[in-house]
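Residue strings, one per chain:
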Amino acid sequence: MKLKLSLLLVFGMTATLVSAQQLVGDKLTNARAADGMYISWKEHIIDDPESAGFALSGSDGLVMADLDKDGFEDIVSVHESDEGYDSTQEEPGFVPPPAGHVRIAFGSSDPDDWFNITIAEGTDSPAPEDAVIVDMNGDGYLDVIAAAELSHLIYLQNPGENARTEEWKRLILPQTEGRGSYIRIFAGDFDGDGTPELTAPNKGAQRPGPSDYARSTPVELHVLSGDPLKGDSWRRVELGRYSIPQLSEPVDLDSDGDLDIVVGTRGEGRLAFFENLGNGNLDFIEHAIGINGARMAGFNLEYVDLSNDGRLDIVGSIGTGLAWIEQPENIDDAWNAYPIGDFAPDSMTGMEFADIDQDGDMDLIGGSYSRGPRTGDGDVDIHDALGRIGWFENPGDAKEAWTRHDISRRKRGMFDKFIARDVDKDGDTDFVATRGNSYPYDGVFWIEQIRSEEPVEAFTPARAVESEEMPLPN
């Protein structure tokens with residue numbers, strides 16, 4: 001009898017401890033702005049399956065600009081829309097039909113009023129992963145180029161003032177057809193002739209296997225001469241070949257006034273950059289970025305001078321956390337790594353810098369990648385890699401300890417991209433973001449920064465029904 005009573009007490013105590021674990025989004029915030037006000041967050045939906053009217057899913061890349069020249073920024077987002085990817089239950093050899101959507105959310109004076117359209121889908125944009133906005137034909141209207149993970153790059157020409165209603169003319173760049181898997185796309189005028197070039201890493205396959213890691217695929221430059229809707233106006237230049245390249249981002253890394261190209265490679269787990277010689281001939285010199293104290297594969301990177309020495313430093317994910325590497329005086333010397341924070345056991349994905357607390361230095365928001373099923377919460381617990389959003393408060397000296405402020409942790413969600421904007425024009429920083437891996441909750445959303453005199457719950461979701469909110473592990 002005593003043994004039975006003891007067991008009941010133990011089990012009762014265990015149940016009490018579990019029930020006492022507080023859900024991340026329900027915790028009272030302890031984050032404070034420079035003015036002493038508490039900071040919390042409220043979610044707003046921009047685009048999702050319910051508003052789209054079809055099974056929109058797999059939301060990834062996100063870019064913003066005023067596409068129709070009405071004075072309000074619009075959002076271009078890409079959605080793989082292949083919910084079986086990475087979690088397929090089909091028979092071996094089954095090949096699903098191409099799916100994917102490139103969407104635009106046209107903005108207005110009301111931050112909760114968006115006009116959503118699809119400008120490419122299906123075989124035009126199978127499993128699109130990324131997009132860039134740039135005026136390729138010089139007509140003053142910004143065009144869209146999307147990178148499709150199942151095949152190619154596609155150019156979508158802005159029809160002008162009727163961008164919401166007219167068809168966007170298109171060209172699948174012929175030099176990219178049948179070449180592998182394009183995961184990212186960027187644009188920049190590297191030779192200074194007024195016409196942008198495109199940079200794109202080709203990782204070789206949507207789901208790389210051992211044989212893909214064992215070979216090299218190119219980081220490419222796509223050069224336009226003429227009408228971008230004509231295939232023979234484009235030529236492809238290989239900059240270098242790597243094991244699963246996943247980044248080729250234009251940035252003036254050496255601060256000499258022209259755009260260089262930073263490369264990240266998953267298979268080699270390293271960074272490099274192509275120095276633009278600035279001679280107008282698209283000539284580059286490759287440099288390794290040697291890192292002391294970390295390894296970065298560079299899927300998402302941010303560039304900011306955290307050491308306040310006038311040189312751009314690089315921020316990226318290292319496992320479940322984030323670190324920054326300090327650019328040395330001699331760019332070919334070792335870049336020393338410093339930690340920012342960790343989301344363990346969650347898997348860090350997207351990030352964005354902004355002065356969230358308005359204290360004069362740059363803070364960082366981050367999102368994680370859930371590893372469970374994409375179409376159901378599944379049998380996962382607090383120790384699995386789940387979907388998470390949080391931000392890291394800059395201590396002032398970026399080499400000191402950053403403070404993490406958790407916003408939300410859900411069973412499902414991949415938060416791939418964040419863009420800092422004052423969406424509601426109230427003077428503080430909000431974030432526009434994408435969410436994948438969590439159908440039917442995938443899509444585009446924004447989180448509003450809320451200021452209050454007293455602490456409130458860290459996060460207010462937009463939906464009454466959601467993927468289950470979770471606590472942190474002990």
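These numbers come from a predicted model, not from an experiment.

### Digging into the pattern of salt bridges
Thinking step 1. Under the counting rule described, the total for this entry stands at 28 salt bridges.
Thinking step 2. Between R164 and D70 there is a salt bridge, and its shortest N-O distance comes to 3.4 Å. Of the two residues, R164 sits in the loop between strand 8 (153–157) and strand 9 (169–172) while D70 sits in the loop between strand 2 (59–65) and strand 3 (74–79), which places them 94 residues apart along the sequence.
Thinking step 3. R164 sits in the partly exposed class, given a relative accessible area of 30%.

### Concerning the packing of aromatic side chains
Thinking step 1. In total, this model carries 5 aromatic pairs according to the counting rule given.
Thinking step 2. When the centroid spacing of 5.9 Å and the interplanar angle of 70° are considered together, the rings of F190 and F284 count as edge-to-face. You can see F190 sitting in the loop between strand 10 (186–188) and strand 11 (197–201) and its partner F284 sitting in strand 17 (residues 284–289), a full 94 residues away along the chain.
Thinking step 3. Among the residues examined, F284 registers a relative accessible area of 16% and is labelled buried.

### Brief notes about the sheet that holds strand 29 (residues 443–452)
Thinking step 1. What the 5 strands build is an open sheet, ordered 27-28-29-1-30; its pairing is mixed. Each edge of the open sheet carries a strand with a single partner, namely strand 27 (418–421) and strand 30 (459–460).
Thinking step 2. In the sheet, strand 1 (residues 38–47) pairs with strand 30 via 2 bridges, with the strands oriented parallel. Bridging across to strand 30, W41 finds its partner in F459.

### A short note on the pairing of strand 12 (residues 217–224)
Thinking step 1. In terms of burial, strand 12 is a largely internal element, 8 of the 8 residues being buried.
Thinking step 2. As judged from the 4 bridges shared by strand 11 and strand 12, these two strands associate in the antiparallel manner. What sits directly across from L198, in strand 12, is H222.
Thinking step 3. Bridge analysis of strand 12 against strand 13 (residues 234–242) gives 8 bridges, and the strand direction is antiparallel. Across the sheet, residue V219 finds its bridge partner in strand 13, namely G240.

### Some details on the environment of D359
Thinking step 1. Inspection of the secondary structure puts D359 in the loop between strand 23 (347–354) and strand 24 (363–369).
Thinking step 2. Its relative accessible area of 35% is what places D359 among the partly exposed residues.
Thinking step 3. For the pair D359 and E454, spaced 95 residues apart in the sequence, the C-alpha separation amounts to 19 Å.
Thinking step 4. Contacts of D359, omitting those with residues within four sequence positions, involve A34 and N394.
Thinking step 5. Engagement of the side chain of D359 in a polar contact is seen with the backbone nitrogen of D361, the distance being 3.3 Å.

Rules used throughout
Residues numbered from 1 in each chain as written. Predicted model: local features only at pLDDT ≥ 70, side-chain atom pairs only at ≥ 80, totals over all residues. Heavy atoms only, no water. Salt bridge = Lys/Arg side-chain N within 4 Å of Asp/Glu carboxyl O. Helix = DSSP H or I, 4+ residues; strand = E, 2+ residues; numbered from the N terminus. Buried < 20%, exposed > 50% of the residue type's maximum accessible area, 1.4 Å probe, protein only. Phe/Tyr/Trp six-rings, centres within 6.5 Å; stacked < 30°, edge-to-face > 60°. Pairing = 2+ DSSP bridges. Contact = heavy atoms within 4.5 Å. Polar contact = N/O pair within 3.5 Å; in protein donor to acceptor, adjacent residues only side chain to side chain.

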